[in-house]
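The lines below spell out each chain.
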Amino acid sequence: MPEPSPPAVRLRELAVRFGNRILFEGLDLEIPRGEFLAVLGPNGSGKTTLLKVLLGLIEPSGGRVEINGRPPRRGSRHVGYVPQQRAFDPDLPIRGRDLVEFGLDGHQRGVPVSGPRTRSAVTRAIDAVGARAYADAPIGRLSGGEQQRLRIAQALIGDPRVLLCDEPLLSLDLSQQDAVSELIDERRVQAGTAVVFVTHEINPVLQYGGRVLYLVGGRWAVGTPEQVLTSERLSELYDTPVDVLNVRGRIIVVGAVDTVITEPHGHHHHVDEDATHDQSLMGRRPRL
C-alpha cells in the first residue's frame, strides 16, 4: 500500500529563543490539508516569528519543521504568504496587476515584463479574488480591502499547498474583514489548501470551524475554540485571571483589572507583550 501523504505542516518539539527569551518551545502540531488554523496571542508572543520559520526565513532553536514532508525553503512555490498590510505611496507607479505578478517573479528587479502565460495566470488569480474592476489602477490609490484582495491573489498565483496569512484583517472594517476571511476560506475549501491565519480578530474566522493555536509568554495551547478560548485556559496561559465573555455571539477576552486582551473591533492586546517573561513560567507546555 502507498504511504499516506504527509500533513501540510508538521511541527515536532519546535522551539524559538532569542537570547534568554523564549517565544515558544516544545510545540507539537500537525496541520492537515484543508485545515484553517487561527494563530492568536499578544504582540511579541511569536506569531509572526512562527510564520517566518514556516517560510524558511528563520532557523528554529530546536525541534523539526516540515512543509509537505520537507524542510521549509525560502521562496518555495508550495507556500503562499499574505504579509501584514502596509500603506502604499499613492503615487507609486505600480498597478494592482503588477503586485499580483510579483508573486511569480518578485525576485526580479523592476516592474515585471510579462509573457502570454504569465498574463493569463495573473488574470486568473485576479478573477479568483474578484478584483478585475480595479486591477489596473495604481495600487496606492485603492482601498485597504481592495489592496488586501490583490495581496491574496499574489499569494495564490503559484497555487500553494499552504497559505500563511500575517494579520490579513488589520486596519479593515468589519465588512472588509468578513469579505477577506471568506475569500481565504473559499480557497481552503476549493483547493484543500492548509491555512495558517495569524490574527487579533478572532470573531470573523470562528465560523470556519478550524483549530486555534494560542501563544503567550513562552507557553501555548492548541485545540478547538471551545477548548482554548475559555476563562480557565487563558488564565493559565497568561498566569493571571482572565474572563472570556460571549456578547451577542462575539468573543471578548478581559483581563483581571478590566484590561482588554482581545476584543472584536480592534488591535487590542494591552498586555506587556514584548517584555521578557519570568523564566520559571516559560517551561510550561499547556496541551489539550
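Below or above, wherever it landed, is the structure these notes cover. Everything quoted here is computed from the prediction, not taken from an experiment.

So, how was this worked out
- Residues numbered from 1 in each chain as written.
- Predicted model: local features only at pLDDT ≥ 70, side-chain atom pairs only at ≥ 80, totals over all residues.
- Heavy atoms only, no water.
- Helix = DSSP H or I, 4+ residues; strand = E, 2+ residues; numbered from the N terminus.
- Buried < 20%, exposed > 50% of the residue type's maximum accessible area, 1.4 Å probe, protein only.
- Contact = heavy atoms within 4.5 Å.
- Areas by Shrake-Rupley, 256 points an atom, 1.4 Å probe, with all protein chains shown as cover.
- Salt bridge = Lys/Arg side-chain N within 4 Å of Asp/Glu carboxyl O.
- Core = buried A, V, L, I, M, F, W, Y, C linked by side-chain atoms within 4.5 Å.
- Pairing = 2+ DSSP bridges.
- Axes fitted to C-alpha atoms, helices over the stretch in contact; angles between N-to-C directions.
- Phe/Tyr/Trp six-rings, centres within 6.5 Å; stacked < 30°, edge-to-face > 60°.

### Quick word on the overall build of the protein
Along the backbone of the protein there are eight helices and 12 strands. Residues classed as buried in the protein amount to 51% of the 288 residues present. Within the protein, contacts between residues at least 6 apart in sequence are counted, and of these 65% link residues at least 24 apart. Carbon together with sulfur atoms contributes 48% to the accessible area of the protein, which is approximately 13,800 Å² in total.

### Describing the pattern of salt bridges
Per the counting criterion, the structure on display carries 14 salt bridges. Between Asp127 and Arg132 there is a salt bridge, and its shortest N-O distance comes to 2.8 Å.

### A closer look at the nonpolar core
Grouped together as the largest cluster of nonpolar side chains are 48 residues, with contacts concentrated most on Leu150, Ile184, Tyr214 and Leu234. Of the residues forming this core, the biggest block, five residues, is contributed by helix α4 (residues 144-156). Excluding its chain neighbours within four sequence positions, the residues that come into contact with Ile184 are Phe36, Ile152, Leu163, Cys165, Pro168, Val195 and Phe197.

### Structural notes on the sheet that holds strand β6 (residues 162-166)
Taken in spatial order, the six strands line up as β5-β6-β7-β3-β8-β9 in an open sheet, and their pairing is mixed. Each edge of the open sheet is held by one strand with a lone partner, namely β5 (79-82) and β9 (219-223). The sheet shows a mean angle of 15° between the axes of neighbouring strands, direction not considered. Where strand β3 (residues 36-40) lies against strand β7 (residues 194-198), four bridges are found, and the strand directions are parallel. Residue pairing in the sheet places Phe36 in a bridge with Val195 of β7.

### Some details on the packing of aromatic side chains
Scanning the entire structure with this criterion turns up three aromatic pairs. Taken together, a centroid distance of 6.0 Å and an interplanar angle of 75° make the contact between Tyr214 and Tyr238 edge-to-face. With Tyr214 in strand β8 (residues 211-216) and Tyr238 in helix α7 (residues 231-238), this residue pair connects regions lying 24 residues apart in the sequence. Given the relative accessible area of 1%, Tyr214 is considered buried.

### Some thoughts on helix α1 (residues 47-54)
For an α-helix the count is 3.6 residues per turn, leaving residues at separations of three or four pointing the same way. For α1, the tally of buried residues reaches six of eight residues, placing the bulk of the element in the interior. Every buried residue of α1 is listed here: Lys47, Thr49, Leu50, Leu51, Val53 and Leu54. Within two residues after α1, Gly56 carries a phi angle of roughly 80°, on the positive side.

### With respect to the side chain of Gln85
Within the secondary structure layout, Gln85 lies in the loop between β5 and α2 (96-105). Ignoring any residue separated from it by four or fewer positions in sequence, one finds Gln85 in contact with Gly144, Gln147, Gln148, Arg151, Leu170 and Leu172.

### What to know about the sheet that holds strand β2 (residues 21-31)
Taken together, the three strands give an open sheet; going across it, the order is β2-β1-β4, and neighbouring strands pair in antiparallel fashion. The sheet is open, and its two borders are formed by β2 and β4 (62-67), each paired with just one other strand. Ignoring which end each strand starts from, the neighbouring axes of this sheet average 25° apart. Of the strand pairs in this sheet, strand β1 (residues 9-18) and β4 are connected by five bridges, and their pairing is antiparallel. Residue pairing for β4: Ala15 is matched across the bridge by Gly62. Together, β1, β2 and β4 form the strand contacts of α1, whose direction differs from that of β1 by roughly 120°.

### Some details on the environment of Arg132
With respect to the helices and strands, the residue Arg132 is situated in the loop between α3 (116-128) and α4. Under the relative-accessibility criterion, Arg132 is labelled exposed at 52%. Taking C-alpha positions, Arg132 is 9.6 Å from Leu150, a pair spaced 18 residues apart along the chain. Apart from residues lying up to four places away in sequence, Arg132 is in contact with Thr123, Ile126 and Asp127.

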